[in-house]
Protein chains: 2
Amino acid sequence: MIELRHLRTLIALRDAGSLVEAAERVHLTQSALSHQIKDLEERLGTALFVRKTRPVEFTRAGQRLLALAEQVLPLVRMGERDVARLIGHEPGRLHMAIECHSCFQWLMPTIDHFRDHWPEVEIDIPGGHHFDPLPALAREQLDLVITADPQPLSGVYYEPLFRYQGLLAVARQHRLAERAFVAPEDLADETLITYPVEHARLDVFTQFLDPAGVRPREIRTAELTVMMMQLVASGRGVCALPNWALTEYLERDYVKAVGIGEAGMWSTLYAAIREESREQPWMEDFLRTARETSFAVLEGIKPA
Amino acid sequence: MIELRHLRTLIALRDAGSLVEAAERVHLTQSALSHQIKDLEERLGTALFVRKTRPVEFTRAGQRLLALAEQVLPLVRMGERDVARLIGHEPGRLHMAIECHSCFQWLMPTIDHFRDHWPEVEIDIPGGHHFDPLPALAREQLDLVITADPQPLSGVYYEPLFRYQGLLAVARQHRLAERAFVAPEDLADETLITYPVEHARLDVFTQFLDPAGVRPREIRTAELTVMMMQLVASGRGVCALPNWALTEYLERDYVKAVGIGEAGMWSTLYAAIREESREQPWMEDFLRTARETSFAVLEGIKPA
DNA sequence: CCAAGAACATGAGCTAATGTCATGATAAAT
DNA sequence: ATTTATCATGACATTAGCTCATGTTCTTGG
């Protein structure tokens, strides 16, 4: 019997273009997908896609099932959502804080989408609190915090949203601009621009420079991403940012980006929530929506 | 994650009205369904139906999922059907013979429905053959035979369709008419009307009278069911027929029906096909359609 | 009102489906 | 030709999902 699992796999496969990446998206191994699809194909008595091409090419049978998936999965999700809504009549509250300074880009579409489906949930991003957001979460002053560095805190659960790559933004004519990636030593006599937060919470240091024992010549801070970009573009320094925070500047050819370290510098973005709110139907829905929206809106990120 | 399995279960549950019978329909145990649904309910965080009532009553969440199932399952079946059709381009042939004389009632809707979906399969019920249909099946003169007594024959596979109960039709004012069921001895001085086939192929004898060593006073035969009903109604005998062959006469209050033996006399109706044709996509579809249609059209039958 | 019968729940245990891991084959890229 | 990426495959592991046996609860009929 065909199951929804199979349909979800096919969609992931189409979106990803390869088994390996599709496997990541559905949080299984490549092997599992290979077996799963092979099994399905055997039962149906036909191949569903051609593996030799990149991206994979679907056979007619495969296309038919894809179409089926497109019809069916949204219906199922709507159904689940309705059921969830039938349960939690108590109007929910979703007050959130955003640690990472440039998340609005993908968070806003998420919120818009969410608001349509859960009109009764009160959403807010209270501005200008100067307290530490994670304790405030535990204190129930906040309900969700977007953060890149989870710290163990009783009652707080960190739901991974996605992984992203940190890139080094440099001026277009910078000496490093044509490199595929930089080594820690390359930053030894550069000015590094960061957000004004503790050293320990910046991945460039913890993951990249500190392990190599390298310190940049100078460190200066800036509050806003645009500001940083101006400094970088005018050659007054370099700065490490998530790939998706940079795309708009890269598209406009305002700065260049190079990889950080040979393997790249990857971090995970988390949604921190209280344990109890974890099973709230609208919370589950929000997290799912957030993940979906981010994959739709952002490029070059990977499932956590 | 919700799966199609769950939706299929819910539909079965609604149609059946109780877990026990729903379990039969999906060919699982009552326990399995209980676990399955409990698990689903836990994950959704709400009950789906009230178990105390008969038939079971669905909660709002349950109703929503039922609606979902009604939307989704037909789509899935159409998808599967299309895929199956994409494979088997070779035009199929489906020539069938019907052993049991009063099957047209449910077979016709099946054929109609099937013809819409598989226009390229040539369907026929060749009439008036006087040869034995099962050997003809092996000889590839026929492709499907509806029969109630499977006989081991190499290369022939018997797919069970459903189980039905044999009932004894008696005149309205007959002395047995008010009984819940008859014992073998009750027939000792009755005239029994049967189809004109070998003794060994009539369940009344093999399952009921022979084991008890009872012979009816007289046996007479009739070709057609209507004929039998006329004889029965006018008090010239009694006859054993499948429950579904009788319903139309019962509804019109033309005859009465009583059970045969305390436990009832149950037989299974089979579709006999050749081993090889068993995996033909349209054959699978025909059998499924046949089973579905029969459950929709007939009452008082059970899954095999 | 009690005994017997249905129908559902539940826990233990088993099996088979469905994963992972390690590795090999194949094709594309350098 | 070598490296790198992707997919296939077999052996093993895990676990979801089933059956079996039994308990609980509600209904029915004597």
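Residues numbered from 1 in each chain as written. Chains lettered and ligands numbered in written order. Predicted model: local features only at pLDDT ≥ 70, side-chain atom pairs only at ≥ 80, totals over all residues. Heavy atoms only, no water.

Considering the protein's contact with DNA strand D
Piece 1. Val20 and Arg51 of chain A together with Arg5, Thr29 and Ser31 of chain B are the nearest of the 19 residues found near DNA strand D.
Piece 2. Taken together, the sugar and phosphate atoms account for 67% of what DNA strand D places within 4 Å of the protein.
Piece 3. Here a phosphate oxygen of DNA strand D sits 2.9 Å away from a polar atom, N or O, in the main chain of Leu19 of chain A.
Piece 4. Within the side chain of Ser34 of chain A, one N or O atom sits 3.0 Å away from a phosphate oxygen of DNA strand D.
Piece 5. Looking at the surface near DNA strand D, the elements with two or more residues in it are α2 (19-25) and α3 (30-44) of chain A together with α3 (30-44) of chain B.
Piece 6. Residue contributions to the surface near DNA strand D peak at 5 residues, all from α3 of chain A.
Piece 7. When the residues that make up the surface near DNA strand D are grouped by side-chain class, the tally is 5 nonpolar, 9 polar and 5 charged. (Near = heavy atom within 4 Å. Polar contact = N/O pair within 3.5 Å; in protein donor to acceptor, adjacent residues only side chain to side chain. Helix = DSSP H or I, 4+ residues; strand = E, 2+ residues; numbered from the N terminus. Nonpolar A, V, L, I, M, F, W, Y, C, P; charged D, E, K, R; others polar.)

Remarks on the pairing of strand β9 (residues 218-221) of chain A
Residues and elements named next belong to chain A.
Piece 1. With 4 bridges connecting them, strand β8 (residues 191-194) and β9 associate as parallel partners. Following the sheet pairing, Thr191 is matched in β9 by Glu218.
Piece 2. Crossover β8 to β9 through helix α7 (residues 203-212) is right-handed. (Pairing = 2+ DSSP bridges. Right-handed = clockwise from strand over helix to strand, strands pointing away.)

Let's talk about the environment of Asp116 of chain A
Piece 1. Structurally, Asp116 of chain A is set in helix α5 (residues 104-117).
Piece 2. Separated by 105 residues in sequence, Asp116 of chain A and Ile11 of chain A place their C-alpha atoms 25 Å apart.

Quick look at the interface of chain B and chain A
Piece 1. Tallying the contact residues gives 26 residues for chain B and 25 residues for chain A.
Piece 2. Here chain B and chain A share an interface that buries about 2,400 Å² over both sides, 69% of which is from carbon and sulfur atoms.
Piece 3. Applying the counting criterion to the chain B and chain A interface returns 3 salt bridges.
Piece 4. When the shortest N-O distance is used, the salt bridge between Asp82 of chain B and Arg64 of chain A registers 2.8 Å.
Piece 5. Run the count over chain B and chain A and you get 8 residue pairs in polar contact (both at pLDDT 80 or more). (Contact = heavy atoms within 4.5 Å. Buried area = accessible area lost by both parts, 1.4 Å probe. Salt bridge = Lys/Arg side-chain N within 4 Å of Asp/Glu carboxyl O.)

Topic: helix α9 (residues 243-251) of chain A
Piece 1. What α9 of chain A keeps buried is the set Asn243, Trp244, Ala245, Leu246 and Tyr249 of chain A.
Piece 2. Close packing links the buried residues of α9 of chain A with α5, β6 (156-170), α8 (225-233), β10 (238-242) and β11 (256-260) of chain A. (Buried < 20%, exposed > 50% of the residue type's maximum accessible area, 1.4 Å probe, protein only.)

Considering the pattern of salt bridges
Piece 1. Applying the stated criterion to the full structure yields 50 salt bridges over all chains.
Piece 2. Residues Glu3 of chain B and Arg8 of chain A are paired through a salt bridge, measuring 3.9 Å at the closest nitrogen-oxygen approach. Here Arg8 of chain A lies in helix α1 (residues 4-16) and Glu3 of chain B lies in the segment before α1 (4-16), a pairing that spans two chains.
Piece 3. The exposure class assigned to Glu3 of chain B is buried, which follows from its relative accessible area of 8%.
Piece 4. On the basis of relative accessibility, which here comes to 22%, the residue Arg8 of chain A falls in the partly exposed class.
Piece 5. For Arg14 of chain A, the salt bridge identified is with Glu70 of chain A, shortest N-O distance 2.5 Å. Remark: Glu70 of chain A occurs in helix α4 (residues 60-87) and Arg14 of chain A occurs in helix α1; sequence separation between them is 56 residues.
Piece 6. The exposure class of Glu70 of chain A is partly exposed, given its relative accessible area of 40%.
Piece 7. Among the charged side chains, a network of salt bridges with common partners joins Arg93, Glu140, Asp143, Arg274 and Glu276 of chain A.

Details of the UniProt feature "domain: HTH lysR-type" (unreviewed entry) in chain A
Piece 1. Per the UniProt record, "domain: HTH lysR-type" (unreviewed entry) is found at residues 2-59 of chain A.
Piece 2. The span residues 2-59 of chain A is 60% helix and 7% strand, and its two end C-alpha atoms sit 17 Å from each other. (UniProt positions renumbered as here; feature names shortened; annotations may be inferred.)

Let's talk about the side chain of Thr268 of chain B
Piece 1. Mapped onto the fold, Thr268 of chain B is located in strand β12 (residues 265-274).
Piece 2. Look past the residues within four positions of Thr268 of chain B in its chain and what remains in contact with it is Thr147, Ala148, Pro160, Phe162, Arg163, Tyr164 and Ala304 of chain B.

Quick notes on the relation of the copies chain B and chain A
Piece 1. Superposing chain B onto chain A takes a rotation of 179° combined with a translation of 0.4 Å along the rotation axis, leaving an RMSD of 0.4 Å. Seen this way, the second copy is the image of the first under a two-fold rotation axis.
Piece 2. With an isologous cut-off of 70% or more, the 96% of interface residues of chain B that recur at the interface of chain A puts this contact in the isologous class. (Least-squares fit on C-alpha atoms with pLDDT ≥ 70 in both.)

So, a nonpolar patch on the surface
Piece 1. Taken together, the side chains of Leu224, Val226 and Met227 of chain A make up a nonpolar region of the molecular surface, amounting to roughly 270 Å² of accessible area.
Piece 2. Accessibility expressed as a relative area gives 45% for Val226 of chain A, which makes it partly exposed. (Patch = residues over 30% accessible without salt bridge, like charges linked within 9 Å, V, L, I, M, F, W, Y side chains within 5 Å. Areas by Shrake-Rupley, 256 points an atom, 1.4 Å probe, with all protein chains shown as cover.)

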